[in-house]
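Residues per chain, in single letters:
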Amino acid sequence: GENVEQHPSTLSVQEGDSAVIKCTYSDSASNYFPWYKQELGKRPQLIIDIRSNVGEKKDQRIAVTLNKTAKHFSLHITETQPEDSAVYFCAASIIGGGSQGNLIFGKGTKLSVKP
Amino acid sequence: NAGVTQTPKFQVLKTGQSMTLQCAQDMNHEYMSWYRQDPGMGLRLIHYSVGAGITDQGEVPNGYNVSRSTTEDFPLRLLSAAPSQTSVYFCASTPQGGANVLTFGAGSRLTVL
């Protein structure tokens, strides 16, 4: 079945620096790759997603890149701010076997942005 | 719209007790799912439903039952609680299929003693 590996597990950056979180997936048929942000004690919320027919997507300071050949995708946050501090999860969709595109999540990256 | 509503927010059980976590959505979403979140383990899919009357197992279904009698409700039942089921549980929904934006509930923190 699908397996999603996420690195690093923790990341600490200075305010204003960039942060990059990387994920790899195992099922070459996966076609949907969202990123969720979870603040302490809150529910996960989507921050950006990408589908397999697109190589890169940007939304202000956040971007996601997808390399289908290598089966990896990355989250890039530029000009980080203290409010970016949270746990970030990547996910990949499962295709086939009646899974209806269920999402398999990585184990998360705790990002700390130091003022 | 209230979105996805989960109850209770907190619950403490003793080993062997049973309980039901409630989940309701008012967005007319066909797809609903339950995840559990444990420290360092991310979100793991327990059960999911693609519509009323249809349910299926996810990654970690053992010890849990679900039913989907209406589009709005998707309760998760713990038949005989075990300490290994201590976790935060999230219900989520999306209009159709799982490969779309999930709307999560606020979560239910369950402790099994």
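Before any of the text, the structure's been laid out above.
These notes cover the structure that comes with them.

Overview of the pattern of salt bridges
Part 1: Counting across every chain of the model gives five salt bridges over all chains.
Part 2: The salt bridge partner of Lys 37 of chain A is Glu 39 of chain A, with a shortest N-O separation of 3.7 Å.
Part 3: Taking relative accessible area as the criterion, Glu 39 of chain A reaches 36% and is therefore assigned partly exposed.
Part 4: Ionic pairing is found between Arg 44 of chain B and Asp 38 of chain B, a salt bridge with its closest N-O pair at 2.8 Å.
Part 5: Given a relative accessible area of 11%, Asp 38 of chain B falls into the buried group.
Part 6: It is possible to trace a salt-bridge network through shared partners that takes in Arg 36, Asp 38 and Arg 44 of chain B.

Quick notes on the nonpolar core
Most often, soluble globular proteins have nonpolar side chains that are buried together.
Part 1: Counting residues in each nonpolar core, the largest one holds 25 residues, and the members touching the most others are Trp 35, Phe 73, Leu 75 and Leu 111 of chain A.
Part 2: Counting residues per element, the ones that place at least two in this core are β2 (10–14), β3 (19–25), β4 (32–38), β5 (45–51), β7 (62–67), β8 (72–77), β9 (86–93) and β11 (109–114) of chain A.
Part 3: Once residues lying within four places of it in the same chain are set aside, the contact partners of Leu 75 of chain A are Ala 19, Val 20, Ile 21, Trp 35, Ile 47, Ile 48, Ile 62, Ala 63 and Tyr 88 of chain A.
Part 4: Residues Trp 34, Ile 46, Tyr 64 and Phe 74 of chain B belong to the second largest nonpolar core, which totals 18 residues.

Some thoughts on the sheet that holds β8 of chain A
All names here are of chain A.
Part 1: Taken together, five strands build an open sheet; the order of strands is β1-β3-β8-β7-β6 and the sheet is antiparallel. Either end of the sheet is taken by a strand with one partner, and the two such strands are β1 (4–7) and β6 (56–59). Averaged over all adjacent pairs, the angle separating strand axes in this sheet is 15 degrees, with direction ignored.
Part 2: In this sheet, β7 lies alongside β6 in antiparallel orientation, the contact comprising four bridges. For Lys 57, the partnering residue across the bridge sits in β7 and is Val 64.

The rules behind these values
Residues numbered from 1 in each chain as written. Chains lettered and ligands numbered in written order. Predicted model: local features only at pLDDT ≥ 70, side-chain atom pairs only at ≥ 80, totals over all residues. Heavy atoms only, no water. Salt bridge = Lys/Arg side-chain N within 4 Å of Asp/Glu carboxyl O. Buried < 20%, exposed > 50% of the residue type's maximum accessible area, 1.4 Å probe, protein only. Core = buried A, V, L, I, M, F, W, Y, C linked by side-chain atoms within 4.5 Å. Helix = DSSP H or I, 4+ residues; strand = E, 2+ residues; numbered from the N terminus. Contact = heavy atoms within 4.5 Å. Pairing = 2+ DSSP bridges. Axes fitted to C-alpha atoms, helices over the stretch in contact; angles between N-to-C directions.

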